[in-house]
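# Geometric and topological summary
Residues per chain, in single letters:
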Amino acid sequence: MNWDDTAPPTAEDAAGVAADRLVAADADGEDTAVEAALRPKDLEEFVGQERVREQLDLVLKAARARGATADHVLLSGAPGLGKTTLSMIIAAEMGAPIRITSGPAIQHAGDLAAILSSLQEGEVLFLDEIHRMSRPAEEMLYMAMEDFRVDVIVGKGPGATAIPLELPPFTLVGATTRAGLLPPPLRDRFGFTGHMEFYAPAELQRVIHRSAGLLDVAIETEGAAEIAGRSRGTPRIANRLLRRVRDYAQVKADGVITREIASQALGVYEVDGRGLDRLDRAVLTALLKLFGGGPVGLSTLAVAVGEERETVEEVAEPFLVREGLLARTPRGRIATPAAWTHMGLVPPQQQTGGSGQQGLFGA
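In what follows, the accompanying structure is described. (Residues numbered from 1 in each chain as written. Predicted model: local features only at pLDDT ≥ 70, side-chain atom pairs only at ≥ 80, totals over all residues. Heavy atoms only, no water.)

The subject of this paragraph is the pattern of salt bridges. Going through the model one piece at a time under the given rule, you end up with 17 salt bridges. The shortest N-O distance in the salt bridge between arginine 135 and glutamate 138 comes to 3.0 Å. Here arginine 135 and its partner glutamate 138 are both found in helix α6 (residues 135-147), 3 residues apart, which amounts to about one turn of the helix. Aspartate 280 is the partner of arginine 232 in a salt bridge, and the nearest nitrogen-oxygen pair spans 2.3 Å. With arginine 232 in the loop between α9 (221-229) and α10 (235-252) and aspartate 280 in helix α12 (residues 278-290), the pair connects residues that are 48 residues apart, well separated along the chain. (Salt bridge = Lys/Arg side-chain N within 4 Å of Asp/Glu carboxyl O. Helix = DSSP H or I, 4+ residues; strand = E, 2+ residues; numbered from the N terminus.)

A separate point is a nonpolar patch on the surface. Residues Val152, Ile163 and Leu165 make up a contiguous nonpolar surface patch of about 200 Å² in total accessible area. Relative to the helices and strands, isoleucine 163 resides in strand β5 (residues 161-166). Judged by its relative accessible area of 43%, isoleucine 163 falls in the partly exposed class. (Patch = residues over 30% accessible without salt bridge, like charges linked within 9 Å, V, L, I, M, F, W, Y side chains within 5 Å. Areas by Shrake-Rupley, 256 points an atom, 1.4 Å probe, with all protein chains shown as cover. Buried < 20%, exposed > 50% of the residue type's maximum accessible area, 1.4 Å probe, protein only.)

The next point concerns the sheet that holds strand β6 (residues 171-176). Taken together, 5 strands build an open sheet; the order of strands is β2-β3-β6-β1-β7 and the sheet is parallel. In this open sheet, the two strands that pair with only one neighbour each are β2 (98-102) and β7 (192-195). Each strand of the sheet is rotated relative to its neighbour by a mean of 15°, with strand direction disregarded. One ladder, built from 4 bridges, connects strand β3 (residues 124-128) with β6; its direction is parallel. Bridging across to β6, leucine 127 finds its partner in glycine 174. Strand contacts of helix α3 (residues 50-66): β1 (73-76) and β7, with the helix running at about 160° to β7, the strand carrying the most contacts. This element, helix α4 (residues 83-93), spans β1, β2, β3 and β6 of the sheet and lies at about 175° to β3. (Pairing = 2+ DSSP bridges. Axes fitted to C-alpha atoms, helices over the stretch in contact; angles between N-to-C directions. Contact = heavy atoms within 4.5 Å.)

For glutamate 203, the location among the structural elements is in helix α8 (residues 201-214). With no salt bridge to any partner, buried glutamate 203 finds its closest opposite charge in arginine 206, at an N-O distance of 5.4 Å. Excluding residues that lie within four positions of it along the chain, glutamate 203 makes contacts with Val47, Gly48 and Gln49. (Lys, Arg positive; Asp, Glu negative; His and termini not counted.)

Located in the positive-phi region is glutamine 49, a residue other than glycine, with phi close to 50°. Mapped onto the elements of the fold, glutamine 49 is located in the loop between α2 (29-38) and α3. The backbone phi angle of glutamate 270 is positive, close to 65°, even though this residue is not glycine.

With that out of the way, let us pick up the pairing of β2. As judged from the 5 bridges shared by β2 and β3, these two strands associate in the parallel manner. Bridged to arginine 99 within β3 is leucine 125. For the crossover from β2 across helix α5 (residues 109-117) to β3, the handedness is right-handed. (Right-handed = clockwise from strand over helix to strand, strands pointing away.)

As a packed pair, α10 and helix α11 (residues 259-268) sit with axes 9 Å apart at the nearest point and diverge in direction by 105°. In terms of their interaxial angle, α10 and α11 are classed as roughly perpendicular. Of the residues in α11, those in contact with Leu241, Val245, Tyr248 and Ala249 of α10 are Ile261, Ala262, Gln264, Ala265, Leu266 and Val268. (Parallel < 35°, antiparallel > 145°, perpendicular 65-115°, else oblique.)

As enumerated under the stated definition, the model contains 1 aromatic pair in all. Considering the side-chain rings of phenylalanine 148 and phenylalanine 170, the 5.5 Å spacing of their centres and the 80° angle between planes classify their relative orientation as edge-to-face. Placement of the pair is phenylalanine 148 in the loop between α6 and β4 (149-154) and phenylalanine 170 in the loop between β5 and β6, with a sequence separation of 22 residues. The class of phenylalanine 148 is partly exposed, set by a relative accessible area of 22%. Residue classification places phenylalanine 170 among the buried residues on the basis of a relative accessible area of 1%. Taking NZ or CZ as reference, arginine 232 lies 3.9 Å from the ring centre of phenylalanine 319, over its face. For arginine 322, the ring lying beneath its charged end belongs to phenylalanine 198, and the centroid distance is 3.6 Å. (Phe/Tyr/Trp six-rings, centres within 6.5 Å; stacked < 30°, edge-to-face > 60°. Lys NZ or Arg CZ within 6 Å of the ring centre and 35° of its normal.)

Listed below in structure tokens is the structure:
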């Protein structure tokens with residue numbers, strides 16, 4: 001009998017930790033409800049992603065001029081950048097209904113066959129996290145995308161029969177956060193591929209002003225800039241921070257979001273001026289104060305922080321690396337000079353005035 005009821009941590013556990021953070025890019029239940037009201041309805045209203053938007057506009061206009069369905073579209077990029085919103089805009093621009101599902105929900109070829117066989121002509125099928133679809137379903141999708149046909153297997157063993165099922169022309173919009181995991185045969189069947197980039201602060205300010213107008217929130221330009229600077233280049237995070245600052249402004253002030261109010265509100269929620277939260281700062285503090293800036297192994301760093309290895313690696317590190325505050329090396333994690341500056345600490349090299357060996361190892 002196994003007396004250990006504690007299961008090893010998984011990537012799903014790390015995702016659960018991420019979902020609890022105010023600066024998490026993944027959507028929770030509240031985000032899903034609010035985003036429905038804040039989403040732009042057409043490409044003109046969509047903020048940011050200028051190159052993808054321009055290219056996609058050409059693809060859709062050409063398809064409408066031909067009276068044909070649009071090419072299959074693959075959108076890649078980090079969570080919260082607008083992939084789902086663009087899929088809905090594609091359907092709206094083509095005047096077609098949209099069906100939404102996800103890769104993890106399609107575990108068998110039969111699941112996909114049931115969805116495909118019920119599509120209407122010209123309908124848009126949005127498949128989120130397409131890289132997590134099962135391999136049998138992927139292979140069925142190849143034929144559906146190229147020939148608008150699937151083979152339904154009836155029976156088992158030697159007596160199994162493949163019945164071809166013709167499909168009406170449709171547009172598949174696939175979204176993925178990890179385009180490299182898509183098999184080449186599937187990637188090659190998309191007529192248009194767009195990569196979503198992180199937003200610049202000026203673009204996020206436009207997003208915040210637009211959302212504030214829809215939420216009937218009074219906000220000054222400096223207040224929007226303060227929120228944008230802490231939003232990690234992600235509109236979903238910007239909208240979430242805006243709602244929390246709105247709450248603070250209504251309770252603690254006159255309801256108007258100024259730079260001072262935004263700074264005070266986000267200070268309450270432990271989101272600093274660069275967008276780091278409690279977990280991010282805990283990782284940097286342990287790396288800098290306990291290990292002299294590294295290098296230190298991931299497992300050791302996770303123990304020092306009091307989190308699981310997967311949480312540190314998958315939740316905290318990506319943003320710290322992107323911000324240039326932490327680096328991954330073969331010897332372990334190391335802090336960059338920018339990390340010392342951001343945390344208000346002096347590197348050991350400057351403390352000793354020499355090579356830094358004495359500050360690092362006490363030798």
